[in-house]
Each structure stands twice: as structure tokens, then as C-alpha cells.
Amino acid sequence: MATPMIELDRVAKHYGNQAAVADVSFVIEKGEFIALMGPSGCGKTTTLRMIAGLDEPSSGEIRLWGRRLNEDAPWERDAPLVWQSYALFPFMSVRKNVEFGLKQRRLPAPERRKKADEWMERLGIAGFAERGVDQLSGGQRQRVALARALALEPEMLLLDEPLSALDPHLRVRMQSELVRLHRELGITFICVTHSHSEAFAMADRVVIMNEGRIQQIGAPRDIHRRAANRFVAEFVGGNNIFTGTARVDEDGSIALAGPVGTVHAPAPSDGGIVTGAAATLVVPADRIELAAESTGAGNEVQARVVTVEFVGSTVTVFLETEGGGELRAQRSLHEMENTPLAVGQPVVARWSPQQGFFLPS
Ligand SMILES: Nc1ncnc2c1ncn2[C@@H]1O[C@H](COP(=O)(O)OP(=O)(O)OP(=O)(O)O)[C@@H](O)[C@H]1O
């Protein structure tokens, strides 16, 4: 097998007796866009800092193209970091900021100027070249930080919460700009974020961490469709999670008696569920349809509308079943336009058994 670009092999970082990163192994291929995601304090920034060479692992190994990196200083690596806009030099012009790394690399002035011009043009900040960065908006500053890093033509770009200082509207724009840049440049992007919408919108693969450990690595779609454990299912949101008592039916599928009544799902491929045992079923909220009447097909649950929440073009309908179980369905605004729902209204929540999956016990 070809050598991956980056390998983290059982990497840990301890501060005193606290593990910021407990035991992390994964590989990154050249040209991937990887998002490291997880709640505050889960160790994502520490992981990025170790890849950057800003922190040394307490144990384990980090390899770049198969070569051990642990003790290499940041300047010996081809991995400039774009931190937040505050990392720019406020007393310097946009041009001087963009040229900064090139100057450190002792590139002659005419070449520096040429490269800086190219990158400022590419990132749409050429018009502000002589302005001080303190006279720029958050989005413009973020572009300066990106131009400064990309002017060094790195093989890999490391971004720590690159969009967190931006307002929501600008954040979405910069998200698609980062995706476009990544596609055009073909270099590896590793981005730390605590925002699941950001990670899922941008990355080829997402690494979800909690308490210094990896919980799941996968393409956004696979993580959405098959959370590896309860933490991931809850953290990525948009999932119904039912714990109940399992019964293995004659056809091998599972019936789960739980908070919303008895519902059905295929048995997990690794077996592991026996009649009478507790099991946890996940049903993505966007797989649940709402209907006025029962058709008797698939899983159907009688419920009442508790609240209807509108976020962008997504509508989340929170439901309560007769037995007090909670359920949520997510539909597009477009779909809901023809089915107005009132609080208290009875509905049938319906989904195909194939859309549910059991978490490993
Ligand atoms: N220099 C340090 N000294 C002591 N503890 C540290 C140090 N750096 C990080 N930690 C601890 O290690 C854990 C992981 O920190 P890290 O910054 O990697 O988390 P994070 O996932 O990036 O969080 P956030 O989203 O809040 O930035 C935290 O509990 C943090 O307090």
C-alpha cells in the first residue's frame, strides 16, 4: 500500500496526569480535506498542534510520508498554520502580512511581491493591499491570513477554527470558498472545528473526538447514516435514539419495545442482539415521514405535534407519542409547505425498518 501523507500512530499528549489526547491513530492521504471535530476540550487543537510541530507527543509517533516527525520543529515542516485573524500583524499592511512568510524564507523582494500579488488577487483582497489589517472586516482578515499561508505553497494547510470569528452569513460564504480553494489547489487541508455543520459541509472525512479519543472517522454522509456509537449519534444531532428491550423475530430482524412503542429494524451485521437484551436503535430524523393516516406499512407511531422549529430550509417537528415517548422528524421547508402542522395535531410518524440501525452494545 502507498505511504499515506500523514500518519498518527497511537499518539498521546499528557499535561501532568491529564491526557489532552489519550490514544489517537489515523492516516491522512494527500489532497484530503479533513475536519477534526468534537466538543470543547476533546483534544482537537492539541492534535493539530502536534501535527504542526507546536507540541511534541508524550508518546506515539507522527509520520509525514513515512518519516518520523515528533521532534522536528515547525519551521522544518511544510505546514504553515492559519490561525484566527488576530494572528496577523496589525501594524503591517495587507501586502506586508501576505509577504511575511516569504520574507522569512529569504525570497528576493520582486518575487515576494509577485507571489503576494497573485494570492491577494486570488483571494479578492488586492484592492486593500496597502491598508492596515486593523482596517479590515473579519472576512477580509481571514482572507489575508489564508493568502499569507497559501503564498508559501504548502503541501498541507492547518486551520484552527478558521471561521469562528465570522458572523453566520459570512461563515457560510467562507466555507464554500475554503472548499473551492481546496479543490483548486489540490493540497491537504486539516481543519479543527467544534461546529458540526462546518465540518460536514467542508470535509471529505470527519474525525470525531471526545475526551482525547477518536469516536468515529468517516465521510460526512456515512457518519450521518451510521453513527458508530451513542456519543456520535447525539453529537452530530438529527437522530432519534431509542433504548428498549429487543426481540429477535423469526426472519432474524429485531423488534424493539421502547419509549415509542414496538418498532422494527434489521439485525446488526455483527449479530450481538438477543431476545430480552437491552438495545439502542438510531433512526435519523430526516428518514421519518409524517402522514395524516396510517397505511399499516413499515414502522408507524401515533403521535402529536409538540413544536415545529424552522432553521433555514429545514423544519424539525418534535412529537410526543401516547405513551410519552419523544420523536423528531426533519423535513425540508418545501415539503412542509403543503402540510401545515399545528401544535397538538395528531400525526402518524412513519419510516421504513431499513432506515434504523442498532448501536453496538
Ligand atoms: N498547555 C496545556 N497545559 C495544560 N492542559 C492543557 C494544555 N493545552 C490543552 N490542555 C488541556 O487538554 C485538553 C484538550 O485541549 P484542546 O485545546 O486540545 O481541546 P479542544 O478540543 O481544541 O477544545 P476547544 O474547542 O475548547 O479549543 C483540555 O482539557 C485542555 O484544558
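The shown structure was predicted, so the numbers you read here are calculated from the model rather than taken from an experiment.

What counts, and at which threshold
Residues numbered from 1 in each chain as written. Predicted model: local features only at pLDDT ≥ 70, side-chain atom pairs only at ≥ 80, totals over all residues. Heavy atoms only, no water. Helix = DSSP H or I, 4+ residues; strand = E, 2+ residues; numbered from the N terminus. Contact = heavy atoms within 4.5 Å. Areas by Shrake-Rupley, 256 points an atom, 1.4 Å probe, with all protein chains shown as cover. Lys, Arg positive; Asp, Glu negative; His and termini not counted. Charge placed at Lys NZ, Arg CZ, Asp CG, Glu CD. Near = heavy atom within 4 Å. Polar contact = N/O pair within 3.5 Å; in protein donor to acceptor, adjacent residues only side chain to side chain. Domains from an automatic or database assignment. Buried area = accessible area lost by both parts, 1.4 Å probe. Salt bridge = Lys/Arg side-chain N within 4 Å of Asp/Glu carboxyl O. Axes fitted to C-alpha atoms, helices over the stretch in contact; angles between N-to-C directions. Parallel < 35°, antiparallel > 145°, perpendicular 65-115°, else oblique. Left-handed = near helix turned anticlockwise from the far one by under 90°. Nonpolar A, V, L, I, M, F, W, Y, C, P; charged D, E, K, R; others polar. Pairing = 2+ DSSP bridges.

Caption draft 1: Local environment of the overall build of the protein chain. On a plain count of helices and strands, the protein chain comes out with 9 helices and 20 strands. Counting contacts in the protein chain only where the partners sit at least 6 residues apart, residues at least 24 apart contribute 65% of the total. Carbon and sulfur atoms make up 49% of the accessible area of the protein chain, which totals about 17,500 Å². Of the side-chain charges in the protein chain, 39 are positive and 45 negative, and the distance between the mean point of each set is 7 Å.

Caption draft 2: Highlighting the site of the ligand. The immediate surroundings of the ligand are formed by Tyr15, Gln18, Ala20, Pro39, Ser40, Gly41, Cys42, Gly43, Lys44, Thr45 and Thr46. One of the backbone nitrogen or oxygen atoms of Gly43 is found 3.0 Å away from an oxygen atom of the ligand. Contact between the ligand and Thr45: an oxygen atom at 2.5 Å from a side-chain N or O atom of the residue. Within the complex, 58% of the 630 Å² of free accessible area of the ligand lies under protein.

Caption draft 3: A look at the domain arrangement of the protein chain. Annotation of the protein chain at the domain level lists domain 1 (6–230) and domain 2 (238–358). Each of domain 1 and domain 2 was reduced to a C-alpha centroid, and the two centroids are 39 Å apart. With 5 residues of domain 1 in contact, the opposing surface of domain 2 contributes 8 residues. The three residues of domain 1 that bury the most area against domain 2 are Arg225, Arg226 and Arg230, which together make up 77% of that side's buried surface. The tally of links between domain 1 and domain 2 comes to 1 salt bridge. In this structure, Asp286 engages Arg225 in a salt bridge whose closest nitrogen and oxygen atoms are separated by 3.2 Å.

Caption draft 4: Spotlight on the packing of helix 4 (residues 138–150) against helix 5 (residues 168–185). Viewed as axis vectors pointing N to C, helix 4 and helix 5 meet at an angle of 15 degrees, and their least axial separation amounts to 11 Å. On the basis of the axis angle, helix 4 is roughly parallel to helix 5. Helix 4 and helix 5 meet at a crossing whose hand is right-handed. Across from Gly139, Gln142, Arg143, Leu146 and Leu150 in helix 4, the residues of helix 5 making contact are Leu170, Arg173, Met174, Glu177, Leu178, Leu181 and Leu185. Taken together, the residues of the contact of helix 4 with helix 5 break down into 7 nonpolar, 2 polar and 3 charged.

Caption draft 5: Just the sheet that holds strand 13 (residues 261–265), in detail. Taken together, 5 strands build an open sheet; the order of strands is 13-12-11-14-20 and the sheet is antiparallel. At either end of the open sheet lies a strand with only one pairing partner, and these are strand 13 and strand 20 (357–358). Where strand 14 (residues 278–284) meets strand 20, 2 bridges bridge the pair, whose relative direction is antiparallel. If you follow Leu281 over to strand 20, its bridge partner there is Phe358.

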